[in-house]
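Coordinates in review
As a plain string of letters, each chain reads:
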Amino acid sequence: MRLVTMRTDRGFRAGLVRDDGYIDIPASAPDLPDSLRQLLALGEVAGARLRQLSQRTDVVTYTRTQARLAAPIPDPPKIICIGL
């Protein structure tokens, strides 16, 4: 199972990679968050729901041309820099 953040016409969305494109996680499972960072914070509870979601056929999907991949965590809580 591969997770991505994608940019769609709805903004940044957490997605699940499928062979033919991406599953829009929050559109297909409204009880799950929009952000990949928030989704990962849920831990194994989200993992179980995502496994179920990947098996469903009635999900909202985007083709690879409809959605653009973004940085995995576009809104990090902190950035650490080291100057040498």
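Now for a look at the structure at hand. From a predicted model like this one, the values you see are computed outputs, not experimental measurements.

Details of the overall build of the protein chain
- Secondary structure assignment for the protein chain yields three helices and five strands.
- Element order for the protein chain, N to C, with α for helix and β for strand: β-β-β-α-α-α-β-β.
- Of all 84 residues assigned to the protein chain, the portion counted as buried reaches 35%.
- Restricting to contacts in the protein chain with at least 6 residues of sequence separation, those with at least 24 account for 57%.
- Put simply, the protein chain shows about 5,700 Å² of open surface, and 54% of that area lies on carbon and sulfur atoms.
- Here the protein chain contributes 12 positively and 9 negatively charged side chains, and the mean placements of these two sets differ by 4 Å.

Some thoughts on the sheet that holds strand β2 (residues 11-18)
- Strand order across the open sheet formed by five strands is β4-β3-β2-β1-β5, with antiparallel pairing between neighbours. The two strands at the open ends of the sheet, each matched to only one other strand, are β4 (61-62) and β5 (68-69).

Looking at the pairing of strand β3 (residues 21-24)
- Strand direction decides the pairing type here: β2 and β3, joined by four bridges, are antiparallel. Residue pairing across strands places R18 opposite G21, the latter belonging to β3.
- Taking the residues between adjacent antiparallel strands as the criterion, β2 and β3 are bridged by two residues.
- Pairing geometry for β3 and β4, over two bridges, is antiparallel. Paired with Y22 across the strands is Y62, a residue of β4.

Re a nonpolar patch on the surface
- Taken together, the side chains of I80, I82 and L84 define a hydrophobic patch exposed on the protein surface, amounting to about 490 Å² of accessible area.
- Inspection of the secondary structure puts I80 in the segment after β5.

Focus: the side chain of T5
- Considering the arrangement of structural elements, one finds T5 in strand β1 (residues 3-8).
- From its side chain, T5 meets the backbone oxygen of P72 in a polar contact 2.6 Å long.

Side note on the pattern of salt bridges
- By the definition in use, this model includes six salt bridges.
- Between D31 and R49 there is a salt bridge, with the nearest N and O atoms lying 2.8 Å from each other. You can see D31 sitting in the loop between α1 (25-28) and α2 (36-41) and its partner R49 sitting in helix α3 (residues 44-55), a full 18 residues away along the chain.
- Under the relative-accessibility criterion, D31 is labelled exposed at 53%.

Quick notes on the rules
- Residues numbered from 1 in each chain as written.
- Predicted model: local features only at pLDDT ≥ 70, side-chain atom pairs only at ≥ 80, totals over all residues.
- Heavy atoms only, no water.
- Helix = DSSP H or I, 4+ residues; strand = E, 2+ residues; numbered from the N terminus.
- Buried < 20%, exposed > 50% of the residue type's maximum accessible area, 1.4 Å probe, protein only.
- Contact = heavy atoms within 4.5 Å.
- Areas by Shrake-Rupley, 256 points an atom, 1.4 Å probe, with all protein chains shown as cover.
- Lys, Arg positive; Asp, Glu negative; His and termini not counted.
- Charge placed at Lys NZ, Arg CZ, Asp CG, Glu CD.
- Pairing = 2+ DSSP bridges.
- Patch = residues over 30% accessible without salt bridge, like charges linked within 9 Å, V, L, I, M, F, W, Y side chains within 5 Å.
- Salt bridge = Lys/Arg side-chain N within 4 Å of Asp/Glu carboxyl O.
- Polar contact = N/O pair within 3.5 Å; in protein donor to acceptor, adjacent residues only side chain to side chain.

Read these as geometric descriptors, not functional statements.
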